[in-house]
Amino acid sequence: QVQLAESGGGLVQAGGSLRLSCAASGRTLSSYAVGWFRQAPGKEREYVAQISRYGMTTSYANSVKGRFTISRDNDRNTVFLQMNSLKPEDTAVYYCAADPSWNNLPRANYWGQGTQVTVSS
């Protein structure tokens, strides 16, 4: 029903910033809640943030509160993750996911391929 593609990852020094994008095609993104997840080598996939269909509600993992901001532009079918004050422990592959249900995002059927974020010390 919907295809997702992440972009914006890269290599930055600790304290720097990156903005990730999740672009959707196939269906209008306003049909879905969208979440960001990340996975480092040898570790389990970790929840980062999520946003409701029209951006009225957001939620964040404790590890990123105050540093990351999730937003969306439904007219462009895109969700963003602004990452500030990056730390080496933020290094991971970042994935976006979409699901009609706010509560079902960890088990969402629609996932992107991921974008690599590397933070050096």
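Everything that follows concerns the structure shown earlier in this document.
Structure report, in brief. Note that the coordinates shown come from a computational prediction; the quantities given were computed from them, not determined experimentally.

Rules used in this analysis
Residues numbered from 1 in each chain as written. Predicted model: local features only at pLDDT ≥ 70, side-chain atom pairs only at ≥ 80, totals over all residues. Heavy atoms only, no water. Buried < 20%, exposed > 50% of the residue type's maximum accessible area, 1.4 Å probe, protein only. Helix = DSSP H or I, 4+ residues; strand = E, 2+ residues; numbered from the N terminus. Pairing = 2+ DSSP bridges. Contact = heavy atoms within 4.5 Å. Polar contact = N/O pair within 3.5 Å; in protein donor to acceptor, adjacent residues only side chain to side chain. Phe/Tyr/Trp six-rings, centres within 6.5 Å; stacked < 30°, edge-to-face > 60°. Lys NZ or Arg CZ within 6 Å of the ring centre and 35° of its normal. Axes fitted to C-alpha atoms, helices over the stretch in contact; angles between N-to-C directions.

Burial along strand β7 (residues 68-73) is one-sided: F68, I70 and R72 are buried, and none of T69, S71 and D73, which face the opposite way, are. Where β7 and strand β8 (residues 78-83) come together, six bridges link them in antiparallel fashion. Looking at β8, one finds that T69 is bridged to Q82.

Turning next to the environment of S17. Position of S17 relative to the elements: it lies in the loop between β2 (10-13) and β3 (18-25). Overall, S17 belongs to the partly exposed group, its relative accessible area being 40%. When the C-alpha atoms of S17 and R67 are compared, they prove to be 9.5 Å apart, with 50 residues separating the residues in sequence. Residues in contact with S17, not counting those within four places in the same chain, are V12, Q82, M83, N84, S85 and L86. Polar side-chain contacts of S17 include one of 2.9 Å to the side chain of N84.

Another point: the packing of aromatic side chains. By the definition in use, this model includes three aromatic pairs. When the centroid spacing of 6.0 Å and the interplanar angle of 75° are considered together, the rings of Y32 and Y110 count as edge-to-face. Here Y32, found in the loop between β3 and β4 (33-39), pairs with Y110, found in strand β10 (residues 110-111); they are 78 residues apart in sequence, far enough to count as distant. Residue classification places Y32 among the buried positions, given a relative accessible area of 4%. Ring centres 5.8 Å apart and planes at 70° place the aromatic pair F37 and Y47 in the edge-to-face group. A residue pair is termed long-range when its members are at least 10 positions apart, and F37 in strand β4 and Y47 in strand β5 (residues 46-51) qualify at ten residues. Among the aromatic residues, ring-to-ring pairing joins F37, Y47 and W111 into one connected group. Over the ring of F37 we find R45; its NZ or CZ atom is 5.6 Å from the centre of that ring.

The subject of this paragraph is the sheet that holds strand β1 (residues 3-7). Taken together, the four strands give an open sheet; going across it, the order is β1-β3-β8-β7, and neighbouring strands pair in antiparallel fashion. Every interior strand has two partners, whereas the edge strands, β1 and β7, have only one. With strand direction ignored, the average angle separating the axes of adjacent strands in the sheet is 15°. The sheet contact formed by β1 and β3 spans five bridges and is antiparallel. Bridging across to β3, E6 finds its partner in C22.

Interpretation in functional terms is not warranted from these geometric data alone.
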